[in-house]
Amino acid sequence: MENKMHYVNGQQISQIKKELHATEGLWIGEIDGALIDTWEDYASVIERLMQFPTSCKSFASYDDWITDLSWLNATGYALIIQNFDLFMSKDLKGKTIVMESFEEDILPWWQEEIKNCVVEGEPKPFNVYLVD
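The following paragraphs examine the structure supplied in this document. (Residues numbered from 1 in each chain as written. Predicted model: local features only at pLDDT ≥ 70, side-chain atom pairs only at ≥ 80, totals over all residues. Heavy atoms only, no water.)

**A look at helix α4 (residues 92-117)**
An α-helix turns once every 3.6 residues. As a result, residues three or four positions apart point the same way.
Here's step 1: Here α4 spans only 32 Å end to end across 26 residues, well under the 38 Å set by a 1.5 Å rise per residue.
Here's step 2: What α4 keeps buried is the set G94, K95, V98, M99, S101, F102, I106, L107, W109, W110 and I114.
Here's step 3: Contacts made by the buried residues of α4 are with β1 (5-8), α2 (39-49), α3 (59-66), β3 (76-82) and β4 (126-131). (Helix = DSSP H or I, 4+ residues; strand = E, 2+ residues; numbered from the N terminus. Expected span 1.5 Å × (residues − 1). Buried < 20%, exposed > 50% of the residue type's maximum accessible area, 1.4 Å probe, protein only. Contact = heavy atoms within 4.5 Å.)

**Here's the deal with α2**
Here's step 1: Those residues of α2 not exposed but buried are W39, Y42, A43, I46 and E47. Taken down its axis, α2 places every buried residue within 120 degrees of arc, on the same side. In α2, those exposed residues whose orientation departs by more than 90 degrees from the buried face are E40 and R48.
Here's step 2: Those residues of α2 that are buried lie in contact with β2 (26-32), α3, β3 and α4.
Here's step 3: Count one or two residues on from α2 and you reach Q51, which has phi positive near 55 degrees. (Arc of directions from axis to C-beta.)

**Some points on the packing of aromatic side chains**
Here's step 1: Summed over the entire model, instances satisfying the criterion amount to 13 aromatic pairs.
Here's step 2: When the ring of Y7 is compared with that of F84, the centres are 6.2 Å apart and the planes differ by 70 degrees; the resulting orientation is edge-to-face. Here the residue Y7 occupies a position in strand β1, and F84 occupies one in the loop between β3 and α4, the gap between them amounting to 77 residues.
Here's step 3: A residue is classified by how much of its surface remains accessible, and Y7, at 56% relative accessible area, is exposed.
Here's step 4: With relative accessibility at 9%, the residue F84 sits in the buried group.
Here's step 5: Measuring from centroid to centroid gives 5.3 Å for W39 and F59, while their planes differ by 50 degrees, and the two rings are tilted. One end of the pair, W39, is in helix α2; the other, F59, is in helix α3, and 20 residues separate them in sequence.
Here's step 6: Judged by its relative accessible area of 26%, F59 is partly exposed.
Here's step 7: Site record: aromatic cluster; members linked through ring pairs are Y7, W39, Y42, F59, Y62, F84 and F87.
Here's step 8: The ring of F84 carries K95 above its face, with NZ or CZ at 4.2 Å from the centroid. (Phe/Tyr/Trp six-rings, centres within 6.5 Å; stacked < 30°, edge-to-face > 60°. Lys NZ or Arg CZ within 6 Å of the ring centre and 35° of its normal.)

**Regarding unusual backbone geometry**
Across the chain, the bulk of peptide bonds are trans and the bulk of non-glycine residues have phi less than zero.
Here's step 1: Positioned with a positive phi, Q51 is a non-glycine residue whose angle comes to about 55 degrees.
Here's step 2: Along the chain, Q51 turns up in the loop between α2 and α3.
Here's step 3: Of note, N73 is a non-glycine position whose phi angle comes to about 45 degrees, a positive value.
Here's step 4: According to the relative accessible area criterion, N73 is exposed, its value standing at 69%.

**A word on the environment of A43**
Here's step 1: Along the polypeptide, A43 turns up in helix α2.
Here's step 2: Considered as a pair, A43 and S55 are twelve residues apart in the sequence and their alpha carbons are 7.9 Å apart.

**Overview of the sheet that holds β1**
Here's step 1: The strand order across the open sheet formed by four strands is β1-β4-β3-β2, and the pairing between neighbours is parallel. Lying at the two open borders of the sheet, with one neighbouring strand each, are β1 and β2. Neighbour to neighbour, the strand axes of the sheet diverge by 15 degrees on average, direction disregarded.
Here's step 2: Bridge analysis of β1 against β4 gives four bridges, and the strand direction is parallel. What sits directly across from H6, in β4, is Y129.
Here's step 3: On the sheet, α2 packs against β2 and β3 and is oriented at approximately 150 degrees with respect to β2.
Here's step 4: Here α4 sits on the sheet in contact with β1, β3 and β4, set at roughly 150 degrees to β4. (Pairing = 2+ DSSP bridges. Axes fitted to C-alpha atoms, helices over the stretch in contact; angles between N-to-C directions.)

Next up, the structure:
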């Protein structure tokens, strides 16, 4: 299992969605990057989509919730960001922070690090699909 970000086009995501939906227990979320201009927009959308127990007042709280997700009772996670080129277009620094967080923190956490930090922590697939 390798958790990673996948850069795909509109045609590819159709087939990928079919495969994702065929995976039992997988949580699948989709957001439209064209509707998310800033970090605040993203935090508001992702906390609703992933049903965070409280809102993301800071990046630290976002990071805490997205590396927990126990309430979703999923066997893995797939996040699809449509119109990635427009995603957070008015907050490019925030976009960089979010993408680096996925690459450096969130995806490695779910792939391996959870075993070392959570009692009976179980690695799970978590993939992000960036669609343009």
